[in-house]
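# Examination of the molecular architecture
Here are the chains, one letter per residue:
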Amino acid sequence: MLLHGAGAAIAGPRGEHPTNQSVIALSLLFSTYVMAGGLIAAAYTDFLQGTMLVVLSVLLVPAGLNMIGGMPELQDRLAPGFMSVMAPEGASEGNPLFILAMSLLGLVGIVAQPQS
């Protein structure tokens, strides 16, 4: 089911690639990762994804801002609260109890993270 769902997502709404071909490609990719060594392959994948995330963010954010007319146009299109760094007045995400709870969850959750 996981492969079929991922294959359907890769095939996309336009249906450029049949879902079955995407499932076969994903199966080959996963098999290659297993044969390459599991965690080592995951480390390479994380490195590649991290690099692509940084590079594409550096490329896409300025391109997107340029397409809409720059930062002033973005500020005009969005509500004032979207440009604020802090939570809006009365939001539950900004109160001290929320911050304390999320900090404690992070500290407790780090124990469950895989360590090398």
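Relevant structure appears above.
Source: prediction; values computed, not measured. (Residues numbered from 1 in each chain as written. Predicted model: local features only at pLDDT ≥ 70, side-chain atom pairs only at ≥ 80, totals over all residues. Heavy atoms only, no water.)

### Here we look at the overall build of the protein chain
Rules: Only runs of H or I of at least four residues qualify as helices and only runs of E of at least two qualify as strands under DSSP, and these elements are numbered from the N terminus. This radius of gyration counts C-alpha atoms alone. The globule rule is 2.2 Å times how many residues there are, raised to the power 0.38. Only protein chains enter the accessibility calculation, which uses a 1.4 Å probe; a residue whose area is less than 20% of its type maximum is buried, one above 50% is exposed, and one in between is partly exposed. In these tables, accessible area is a Shrake-Rupley quantity obtained with a 1.4 Å probe, and a residue counts as shielded only by the protein chains included in the view.
When its secondary structure is counted, the protein chain shows 5 helices and 0 strands. Listing every helix and strand of the protein chain by position from the N terminus yields α-α-α-α-α. Here the C-alpha radius of gyration of the protein chain, 21 Å, is well above what a compact globule of 116 residues would show, namely 13 Å. In terms of overall dimensions, the protein chain has C-alpha extents of about 50 × 45 × 25 Å along its principal axes. Across the 116 residues in the protein chain, those meeting the buried criterion constitute 6%. Carbon and sulfur atoms provide 72% of the accessible area of the protein chain, an area that totals close to 9,800 Å².

### A word on the pattern of salt bridges
Our working rule: Salt-bridge detection follows one rule: a side-chain nitrogen of Lys or Arg within 4 Å of a carboxyl oxygen of Asp or Glu.
One pass over the structure, following the stated rule, counts 1 salt bridge. Arg 77 is the salt-bridge partner of Glu 73, the closest N and O atoms lying 3.1 Å from each other. Note that Glu 73 and Arg 77 are positioned in helix 4 (residues 71-77) at a spacing of 4 residues, about one turn of the helix. What makes Arg 77 exposed here is its relative accessible area of 56%.

### Let's talk about the environment of Ser 57
Put simply, the rule reads: Contact criterion: two residues are considered in contact whenever any of their non-hydrogen atoms come within 4.5 Å of each other. Whenever a nitrogen or oxygen atom comes within 3.5 Å of another N or O atom, the pair is scored as a polar contact, on the condition that within protein one atom can donate a hydrogen and the other can accept it, and that pairs from neighbouring residues in sequence are kept only if both atoms are in side chains.
Mapped onto the secondary structure, Ser 57 falls in helix 3 (residues 39-68). In sequence terms Ser 57 and Asn 95 are 38 residues apart; their C-alpha atoms lie 30 Å from each other. Beyond its immediate stretch of four places on either side in the chain, Ser 57 contacts Met 52 and Pro 62. At 2.7 Å, the side chain of Ser 57 forms a polar contact with the backbone oxygen of Leu 53.

### Remarks on a nonpolar patch on the surface
Let me state the cut-off plainly: In this scheme, patches are assembled from residues that exceed 30% relative accessible area and form no salt bridge. Like charges are connected within 9 Å, while nonpolar side chains (Val, Leu, Ile, Met, Phe, Trp, Tyr) are connected within 5 Å.
Taken together, the side chains of Leu 48, Met 52, Val 55, Leu 56, Leu 59 and Leu 60 define a hydrophobic patch exposed on the protein surface, amounting to about 570 Å² of accessible area. Relative to the assigned elements, Leu 60 resides in helix 3. In this structure Leu 60 comes out as exposed when scored by relative accessible area, which is 56%.

### Quick look at helix 2 (residues 19-36)
What counts here: One less than the residue count of a helix, multiplied by 1.5 Å, gives the span that helix is expected to have.
Helix length check: helix 2, at 18 residues, gives a terminal C-alpha distance of 26 Å against a target of 26 Å (1.5 Å per residue), a fit within 8%. Backbone geometry just after helix 2 places Gly 37 at a positive phi near 125°.

Read these as spatial facts, not as claims about activity.
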